[in-house]
Protein chains: 2
Amino acid sequence: MKRPPLTPLADSLPASVPFVGPEALERAGGAPFKARLGANESVFGPSPKAIAAMKDAASEVWQYGDPESHDLRHALAAHHGVAHDNVMVGEGIDGLLGYLARLFVGQGTAVVTSAGAYPTFNYHVAGFGGQLHMVPYRDDREDPDALLAKARETGARLIYFANPDNPMGSWHDAVAVQRMIDAVPEDCLLILDEAYIELSPDGTAPALDMSNPNVIRMRTFSKGHGMAGARVGYALGEAENINAFHKIRNHFGMCRISQAGALAALGDQDYLSEIRAKVAASRERIANIARDNGLTPLPSATNFVAVDCGKDGDFARKVLAGLLEQGLFVRMPFVAPQDRAIRISCGTEQDMKLLGDALPKALSAAS
Amino acid sequence: MKRPPLTPLADSLPASVPFVGPEALERAGGAPFKARLGANESVFGPSPKAIAAMKDAASEVWQYGDPESHDLRHALAAHHGVAHDNVMVGEGIDGLLGYLARLFVGQGTAVVTSAGAYPTFNYHVAGFGGQLHMVPYRDDREDPDALLAKARETGARLIYFANPDNPMGSWHDAVAVQRMIDAVPEDCLLILDEAYIELSPDGTAPALDMSNPNVIRMRTFSKGHGMAGARVGYALGEAENINAFHKIRNHFGMCRISQAGALAALGDQDYLSEIRAKVAASRERIANIARDNGLTPLPSATNFVAVDCGKDGDFARKVLAGLLEQGLFVRMPFVAPQDRAIRISCGTEQDMKLLGDALPKALSAAS
């Protein structure tokens, strides 16, 4: 049977998903997870004010969301002390990364990232025919010098750099990041993914410079603000780069309820401070559980902790499998030597209890 | 200053929006609209069960939505009597149209639509470098024969056909649509946009045939189900076409609250029946107001009525401006001779009162 042919590029792509979702794992396993600590969601939830705003907005959902996300965009601009045309709101950082790939990447365009860094970025780049060049982590951190060197070598159009990093939780301070920004080739755009920035130590984010066309900063309501399911991310950048999103974005793509929730969440900075404290305490709790089991928690500036299991990837994968079998949803890095670790998201006291009970069993089963 | 260059295609695109949103018009006008009758939203709102489900889901929004939209997809499959791999859930029909353009359209690919039909489809096709070929409406309806002839002539990869049609509200019956489906060239995909199908007379939608790779049906929760702001659309089609979405879609793009709301809305078919009755009554109300003012309401199978103002586009534009000035958000067709009409969405009794008061004034100001 003849059928309408896909474009050659689309035809060449696998029908793949960057991550299998926890619900799919639950369906495969036949039971719901007891603890959901694998996707770096915020178990502490969003601000009660954000929840209230979303509940109110539910009755109004017969109306399309404002395609300009005007109120949210202006509030973000005021919050960050930039102009509103330096802000683009989109369907999560994932959605915005897809738009950036579409804007800057064609067949064979060189793009640089770290081996083992965010797979969804790679998915989008491959989806537009880009050629990915990867550099290794260095001491479990993304390596700015290696990323820049590879970008110069390949004539890359985009560099992806997450600070703090996922999946390791590691980070560079603002001075190091600013040094990297200053060294980006002039025909290249540095995508600085700061999804976890609200949870990082002061002095992690360099000052926002909206005059620089060679860097764009990615932020989200999914992590610190606890609204992963609402799909609200935003980009901060030089106005002409920001304006380019208007050429291709799904203008009416934002959920009206999510817009309302994000606006309320942004207005509740006190709640965000509470979350920072809870996340810090939970990181410490995970670290203690790891140490109690003879493992090494790596320092983290995020809402998760990479726990070095002390052996190779095969061993860590066995530990992970042991936790999954006991009903704990956890993930781990894909690439050696970072895959010697498992990645555990911060959780409630109940989650931590389950982890404390399950980890020794998983370790002894893996040994 | 050198800057990272966009791809040649992206560089060539304008930073445009297919529609200016009502909120932007309100901001420009300095006052909120008294009646929102321009975007074919459902003023009657979603099912109370859907609202309750969304309110419940607001507290759970710290979790990402299921990237497979498993429960909703399976419920839709059961509802329509098809397999779940014949269903793709996405971020509104707009989002799914963008994905289809990306899958099937490259530089210069021929695509056929009607002059004056849905602009967002054209936006997506242009955004991937496609060459749009347009045929005129015939008797205020999209013209299947002309669309097919143009597709054969140009070797088109995609045909866009909305049934019922927006902006005219006109429709073809299932027999005519099936005849069109049967005549689609074998290397061409007919995108049959059935956004308003729940509001159309019985016998408008042809039977679903999921074995045919040359047609894909687009449905939504935005219109009959009253959830435009939630951004939930879906495609029904042959499994290999549906599977192609997985190559490129934003897998974690669905709002978790919206997924929950759509599932509950689908389960409340009684409410949908009530909406059908309310929409029919409101159509009749709009038609009567039009007739009372010496205008001609066109037959409609949707939640809006195109009202023929009896003169040319310039006159209708003046009438529209007069309604906007009086605080009524209304839109109109873009292309002659359909632009002799204004398009009025169904509304509440209060909306209809405002319309009844405002229309005579707008008409006398326009004359």
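- The name given to chain A in an unreviewed UniProt entry is Histidinol-phosphate aminotransferase, with the source organism recorded as Litoreibacter janthinus.
- One UniProt comment on chain A, placed under Pathway (unreviewed entry), says "Amino-acid biosynthesis."

### Concerning the sheet that holds strand β5 (residues 158–162) of chain A
Residues and elements named next belong to chain A.
Right, so step 1: Read from one edge to the other, the open sheet built from 7 strands follows the order β2-β8-β7-β6-β5-β3-β4, with strand pairing classed as mixed. Looking at strand neighbours, the two that pair on one side only are β2 (87–90) and β4 (131–135), the edges of this open sheet. For this sheet, the mean angle separating the axes of adjacent strands, direction not counted, is 20 degrees.
Right, so step 2: Across 5 bridges, strand β7 (residues 215–220) lies against strand β8 (residues 233–237) in antiparallel orientation. Looking at the pairing, Arg-217 lines up with Leu-236 of β8.

### A word on the pairing of β4(A)
Right, so step 1: With 5 bridges joining them, strand β3 (residues 110–114) of chain A and β4(A) adopt parallel strand pairing. Note on β4(A): the bridge partner recorded for A:Thr113 is A:Met134.

### Remarks on the UniProt feature "domain: Aminotransferase class I/classII large" (unreviewed entry) in chain A
Right, so step 1: With numbering matched to this structure, UniProt assigns "domain: Aminotransferase class I/classII large" (unreviewed entry) to residues 36–356 of chain A.
Right, so step 2: Taken end to end, residues 36–356 of chain A is 40% helix and 16% strand, and its two terminal C-alpha atoms sit 14 Å from one another.

### Focus on the packing of aromatic side chains
Right, so step 1: Following the criterion strictly, the structure yields 17 aromatic pairs over all chains and no others.
Right, so step 2: Summarising the aromatic geometry, the rings of B:Tyr99 and B:Phe245 are spaced 6.5 Å apart at their centres and angled 75 degrees between planes, so their arrangement reads as edge-to-face. In this pair, B:Tyr99 is assigned in helix α5 (residues 92–104) and B:Phe245 in the loop between α9 (239–244) and α10 (256–267), connecting sequence segments 146 residues apart. With respect to class, B:Tyr99 is no different from B:Phe245; both count as buried.
Right, so step 3: Three or more aromatic residues link up through ring pairs in this structure, and these residues are A:Phe19, A:Tyr118, A:Phe334, B:Tyr64 and B:Phe252.
Right, so step 4: Across from the ring centre of A:Phe315, 4.6 Å away, lies the NZ or CZ of A:Lys311, which sits over that ring.

### Thoughts on the packing of helix α5 (residues 92–104) of chain A against helix α6 (residues 119–127) of chain A
Residues and elements named next belong to chain A.
Right, so step 1: As a packed pair, α5 and α6 sit with axes 9 Å apart at the nearest point and diverge in direction by 35 degrees. α6 is crossed by α5, and the crossing has right-handed handedness. Side by side, α5 and α6 meet where Asp-94, Leu-97, Gly-98 and Ala-101 of the first sit next to Thr-120, Phe-121, His-124 and Val-125 of the second.
Right, so step 2: Its residues assigned to classes, the contact of α5 with α6 comprises 4 nonpolar, 3 polar and 1 charged.

### Some details on the sheet that holds strand β12 (residues 341–345) of chain A
Residue and element names in this part refer to chain A.
Right, so step 1: As summarised here, the arrangement of the 3 strands in space is β9-β10-β12, forming an open sheet in which the pairing is antiparallel. Looking at strand neighbours, the two that pair on one side only are β9 (296–297) and β12, the edges of this open sheet.
Right, so step 2: Its contacts with the sheet put helix α11 (residues 269–292) on β9, β10 (304–308) and β12, and the angle it makes with β10 is roughly 15 degrees.

### Thoughts on the pairing of strand β6 (residues 189–193) of chain B
All names here are of chain B.
Right, so step 1: With respect to burial, β6 is a largely interior element, 5 of its 5 residues being buried.
Right, so step 2: Side chains of β6 alternate between two faces, with Leu-189, Ile-191 and Asp-193 and Leu-190 and Leu-192 buried alike.
Right, so step 3: Examined bridge by bridge, strand β5 (residues 158–162) and β6 share 5 bridges and lie parallel to one another. The partner of Ile-159 across the bridge, within β6, is Leu-190.
Right, so step 4: Considered for its hand, the β-α-β crossover made up of β5, helix α8 (residues 174–182) and β6 is right-handed.
Right, so step 5: Summarising the sheet, β6 and strand β7 (residues 215–220) pair through 4 bridges and their orientation is parallel. Within β7, the position partnered with Leu-190 by the bridge is Val-215.

### Quick look at the relation of the copies chain A and chain B
Right, so step 1: Overlaying chain A with chain B gives an RMSD of 0.0 Å, the required rotation being 180 degrees about an axis along which the chain moves by 0.0 Å. Both chain copies can therefore be described as sitting about a two-fold axis. In terms of C-alpha distance to the rotation axis, chain A has A:Lys55 as its closest residue, with the C-alpha 2.4 Å off the axis.
Right, so step 2: When you check the interface residues of chain A against chain B, 100% turn up at the interface there too, and the contact is symmetric in its surfaces.

### Notes on α8(B)
Residue and element names in this part refer to chain B.
Right, so step 1: Along α8, the positions that sit buried rather than exposed are Ala-174, Ala-176, Val-177, Met-180 and Ile-181. For α8, the arc enclosing every buried residue in end-on projection is 160 degrees, short of the 170-degree limit, so these residues lie on one face. For α8, the exposed residues lying more than 90 degrees away from the buried face are Val-175, Arg-179 and Asp-182.
Right, so step 2: Looking at the packing, one finds that the buried side of α8 touches α7 (144–154), β5, β6 and β7.

### Structural notes on the domain arrangement of chain A
Residues and elements named next belong to chain A.
Right, so step 1: Its domain assignment divides chain A into domain 1 (19–45 + 270–366) and domain 2 (48–267).
Right, so step 2: When each unit is reduced to the centre of its C-alpha atoms, the spacing between domain 1 and domain 2 is 25 Å.
Right, so step 3: Taken together, the contact pairs 26 residues of domain 1 with 26 residues of domain 2.
Right, so step 4: Roughly 2,100 Å² of surface becomes buried between domain 1 and domain 2 when both sides are summed, with 65% attributable to carbon and sulfur atoms.
Right, so step 5: When the area that domain 1 buries against domain 2 is broken down by residue, the three leading residues are Leu-272, Ala-301 and Gln-338, summing to 25%.
Right, so step 6: Counting across the domain 1 and domain 2 interface gives 1 salt bridge.
Right, so step 7: Elements with a contribution of two residues or more to the side of domain 1 that touches domain 2: α11 and β10.
Right, so step 8: Residue contributions to the side of domain 1 that touches domain 2 peak at 6 residues, all from α11.
Right, so step 9: A class-by-class count of the residues in the side of domain 1 that touches domain 2 yields 14 nonpolar, 7 polar and 5 charged.

Thresholds applied
- All residue numbers refer to positions counted from 1 along the written sequence of the respective chain.
- A letter from A marks each chain and a number from 1 marks each ligand, given out in the order of writing.
- Totals for whole chains, interfaces and linings use all residues, but because this is a predicted model, local features are given only for residues with pLDDT of at least 70 and pairs of side-chain atoms are given and counted only at 80 or more.
- Working from all heavy atoms in the structure, the side-chain values ignore hydrogens and water.
- UniProt positions are given in the numbering used here, feature names are shortened, and annotations may be inferred rather than shown by experiment.
- Only when DSSP finds a minimum of two bridges between them are two strands counted as paired.
- For helices the rule is a DSSP run of H or I covering at least 4 residues; for strands it is a run of E covering at least 2, with both sets numbered from the N terminus onward.
- Angles run from 0 to 180 degrees between N-to-C directions of axes, and those axes are lines fitted to C-alpha atoms, restricted for helices to the stretch in contact.
- When two rings of Phe, Tyr or Trp (its six-membered ring) have centres within 6.5 Å they constitute a pair, described as stacked for plane angles under 30 degrees, edge-to-face for angles over 60, and tilted for the intermediate range.
- Relative accessibility under 20% of the residue-type maximum defines a buried residue, over 50% an exposed one, and the middle range a partly exposed one, all with a 1.4 Å probe and only protein chains included.
- Comment: the charge-over-ring label is applied if NZ (Lys) or CZ (Arg) is within 6 Å of the ring centre and within 35 degrees of the ring normal.
- Helix crossings fall into two classes, left-handed where the near helix is turned counterclockwise from the far one by less than a right angle and right-handed where it is turned clockwise.
- Throughout, a contact is declared for two residues whenever any of their heavy atoms are within 4.5 Å.
- Think of it as three bins: nonpolar holds Ala, Val, Leu, Ile, Met, Phe, Trp, Tyr, Cys and Pro, charged holds Asp, Glu, Lys and Arg, and polar takes everything else, Gly as well.
- Look down the strands so they point away from you; if going from the first strand over the helix to the second traces a clockwise path, that crossover is right-handed.
- The copies were overlaid by least squares, fitting only the C-alpha atoms of residues that reach a pLDDT of 70 or more in each copy.
- By arc we mean the arc of the directions from the helix axis to the C-beta atoms, nothing more.
- Throughout, the edges of the domains are those of an automatic or database domain assignment.
- Accessible area that two parts lose when put together, with a 1.4 Å probe and added across both, is what the buried area reports.
- The working definition used for a salt bridge is a side-chain nitrogen of Lys or Arg within 4 Å of a carboxyl oxygen of Asp or Glu.

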